[in-house]
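For reference, the chains in residue letters:
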Amino acid sequence: QVQLMESGGGLVQTGGSLRLSCSASGSIVSINAMGWYRQAPGKQRELVAVITSGGSITYADSVKGRFTISRDNAKNTVYLQMNSLKPEDTAVYYCNAGIRTIFGRASDYWGQGTQVTVSS
């Protein structure tokens, strides 16, 4: 089927940077939007940033000017460069992608999540 494999999370101090990566693999025909969501303890999962196959980008207001999303279509990979990190960015970050498989179905797929912790 399809797998999304995330990497790049970790512990960083306030003001630091991290880069998340998410690669899709499996029986993929095409990928539409790819994005990042996050969920902090006791809170709902929220959109961080999304990029379409055509390159259109949407950011959450809370990360504008600090985070940059990009993708490499040849590698089926999406990245999230996170700069000027704040303690409130602490959360589990999930990769999401809209993928059409060789079986003809388009579905939303999720990664397993990667922890980002920003210490004050």
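Here, the structure is the one placed above.
Fair warning: this is a prediction, and the values are worked out from it, not measured in the lab. (Residues numbered from 1 in each chain as written. Predicted model: local features only at pLDDT ≥ 70, side-chain atom pairs only at ≥ 80, totals over all residues. Heavy atoms only, no water.)

Visitor: Please clarify how the overall build of the chain should be interpreted in this entry.
Guide: On a plain count of helices and strands, the chain comes out with 0 helices and 11 strands. Each helix and strand of the chain, ordered N terminal to C terminal, gives the series β-β-β-β-β-β-β-β-β-β-β. Here the chain has a C-alpha radius of gyration of 14 Å; the compact-globule value for 120 residues is 14 Å, and the two agree. Overall, the C-alpha framework of the chain stretches about 45 × 25 × 25 Å when taken along its three principal axes. In the chain, which comprises 120 residues, the proportion classed as buried is 41%. (Helix = DSSP H or I, 4+ residues; strand = E, 2+ residues; numbered from the N terminus. Rg over C-alpha atoms; globule rule 2.2 N^0.38 Å. Buried < 20%, exposed > 50% of the residue type's maximum accessible area, 1.4 Å probe, protein only.)

Visitor: Explain the pattern of salt bridges here, please?
Guide: Close approach of charged atoms lets side chains of opposite charge pair. Evaluation of the coordinates by the stated rule reveals 4 salt bridges. In this structure, the salt-bridge partner of R38 is D89, at a minimum N-O distance of 3.0 Å. One end of the pair, R38, is in strand 4 (residues 28-39); the other, D89, is in the loop between strand 8 (77-82) and strand 9 (91-101), with 51 residues separating them in the sequence. For the pair shown, R38 and D89 are each scored as buried. Across the salt bridge formed by K64 and D61, the nearest N and O atoms sit 3.0 Å from each other. (Salt bridge = Lys/Arg side-chain N within 4 Å of Asp/Glu carboxyl O.)

Visitor: What should I look at first to understand the sheet that holds strand 1 (residues 2-7) in this one?
Guide: Working definition: the strands of a sheet are paired by backbone hydrogen bonds and lie parallel or antiparallel to each other. Strand order in this open sheet of 4 strands is 1-3-8-7, and the pairing throughout is antiparallel. Where the open sheet ends on each side, the last strands, each with one partner, are strand 1 and strand 7 (67-72). Looking at each pair of strands side by side, their axes are set apart by 15° on average, direction ignored. As paired elements, strand 3 (residues 18-26) and strand 8 share 6 bridges and run antiparallel to each other. Residue pairing across strands places S23 opposite T77, the latter belonging to strand 8. (Pairing = 2+ DSSP bridges. Axes fitted to C-alpha atoms, helices over the stretch in contact; angles between N-to-C directions.)

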